[in-house]
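# Breakdown of the fold
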Amino acid sequence: MNIKIRKLKDLIKDIETLKQSSIKNKNEKAYTPNEFNYDDNFLLPDDDYLFKEKEEVQVNENMIDLSQYNMSFQNMENKRIIKGFGETGCSNLLLDNLVNCEIIILDILSSVLIQKIKQCTIWVSAVESSLMISNCQDCNILSNSKQIRIHDAINTNFYINTISNPIIENSTKLIFHKYNLIFDELSELLQKININKDSTKWMEIMDFNWQNTQLIYCILINKYNII
């Protein structure tokens, strides 16, 4: 593993600090949606349209070919897995059915699919294409990725940097922060996959269930930074 022991201990310490900050934040911060001023002439799509759109999304999700993921961690509890710089071979990563796990990938991944996870901390530092998350509860997820899409998530913190609008759907009680964990090789990784570390797209969230009256998400800026 291309990580010095002392450095690895520091990174694990940063993860623990972040998790404690998340707990503190949940106790202090009420979940409040962003406020928008809508045009009185804005027309809602009819119910049939919304139903058809949701059906199409579900079909697309079911068509995901899991065989394309050549690195996977599945059906695990209470595990910590760490992959260092140069160890993944730009793999497609699948994380499936995890409980109380920590997965730390300090290398470039081609794409990532995360599904059915609870009480986990997932740190995928550099994703070249898409990060897809489905059925996620009580987690912390950290990533630099070109695209991020989130389905069926609840009570989860996202520390993200992206160059496109993050998309959320059928989710509640999400908190979004700017990505804030740094290690020596990160700048090199982001340069290789053409992700701007100073992008502000992480704040420009697209909520596909915006007509829902539930409390969906909030955005925190410049809080709990770990450098």
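Residues numbered from 1 in each chain as written. Predicted model: local features only at pLDDT ≥ 70, side-chain atom pairs only at ≥ 80, totals over all residues. Heavy atoms only, no water.

Convention followed: UniProt positions are given in the numbering used here, feature names are shortened, and annotations may be inferred rather than shown by experiment.
The name an unreviewed UniProt entry gives the protein chain is C-CAP/cofactor C-like domain-containing protein, with Plasmodium falciparum as the organism. Taken directly from UniProt, the Sequence similarities (unreviewed entry) text for the protein chain runs: "Belongs to the TBCC family."

## Re the overall build of the protein chain
In plain terms, the rule: By definition, any uninterrupted DSSP run of H or I lasting at least four residues is a helix, any uninterrupted run of E lasting at least two residues is a strand, and each is numbered from the N terminus. Under the scheme applied here, a residue whose accessible area is under 20% of the maximum for its type counts as buried, over 50% as exposed, and between as partly exposed, the area being computed with a 1.4 Å probe on protein chains only. Every residue pair with non-hydrogen atoms within 4.5 Å of one another is taken to be in contact. Calculation of accessible area relied on Shrake-Rupley with a 1.4 Å probe; when residues are assessed, cover is drawn exclusively from the protein chains displayed.
Each helix and strand counted, the protein chain has three helices and 11 strands in total. In the protein chain, the order of α-helices and β-strands from amino to carboxyl end is α-α-β-β-β-β-β-β-β-β-β-α-β-β. Burial status across the protein chain gives 47% buried among its 227 residues. Contacts in the protein chain between residues at least 24 apart in sequence constitute 43% of all its contacts with a sequence separation of at least 6. Approximately 12300 Å² of the protein chain is accessible, and the part contributed by carbon and sulfur atoms is 47%.

## Some details on the pairing of strand β5 (residues 111-118)
The following threshold applies: Strand pairing is assigned whenever DSSP detects at least two bridges linking the two strands.
In terms of residue burial, β5 counts as a mostly covered element, since six of its eight residues are buried. Relative to β5, strand β3 (residues 92-99) is paired through seven bridges, and the arrangement is parallel. Bridge assignment links Leu-95 to a residue of β5, and that residue is Ile-114. Across six bridges, β5 lies against strand β6 (residues 121-137) in parallel orientation. When the bridges of β6 are listed, Ile-114 appears paired with Ile-133.

## Digging into the pattern of salt bridges
Opposite charge on two side chains permits them to pair, given that their charged atoms come into close proximity. Operational definition: Within this document, salt bridges are pairs made up of a side-chain nitrogen of Lys or Arg and a carboxyl oxygen of Asp or Glu, the two lying within 4 Å of each other.
Applying the stated criterion to the full structure yields six salt bridges. A salt bridge links Glu-169 to Arg-149; its shortest N-O distance comes to 3.5 Å. Placement of Glu-169 in strand β8 (residues 167-169) and of Arg-149 in strand β7 (residues 140-162) is noted, with a sequence separation of 20 residues between them. Taking relative accessible area as the criterion, Glu-169 reaches 7% and is therefore assigned buried.

## Quick notes on the confidence of the model for the protein chain
The criterion, for reference: For every residue, the predictor reports its confidence as pLDDT, a number between 0 and 100.
Summing up the model confidence of the protein chain, the mean pLDDT is 79 and the portion of residues at 70 or higher is 71%. Contacts from residues 30-59, a stretch scored under 50 in pLDDT, to residues over four places away or in other chains number 22 contacts. In this model residues 223-227 is a low-confidence stretch, pLDDT under 50, and it forms 17 contacts with partners more than four residues away in sequence or in other chains.

## Observations concerning the packing of aromatic side chains
Going by this rule: In this scheme Phe, Tyr and Trp rings, the latter by its six-membered ring, pair at centre separations within 6.5 Å, and the angle between planes marks the pair as stacked below 30 degrees, edge-to-face above 60, and tilted otherwise.
Tallied over the entire structure, the rule returns two aromatic pairs. Both rings, one in Trp-123 and one in Phe-183, keep their centres 6.0 Å apart while their planes meet at 75°; by these two values the pair is edge-to-face. Highlighted residues: Trp-123 in strand β6 and Phe-183 in the loop between β9 (172-178) and α3 (186-192), separated in sequence by 60 residues. The two residues Trp-123 and Phe-183 agree in class, both being buried. Residues Phe-158 and Phe-176 carry aromatic rings whose centres are separated by 5.2 Å and whose planes lie at 15° to one another, so their mutual orientation is stacked. With Phe-158 in strand β7 and Phe-176 in strand β9, this residue pair connects regions lying 18 residues apart in the sequence. One exposure class covers both Phe-158 and Phe-176, and it is buried.

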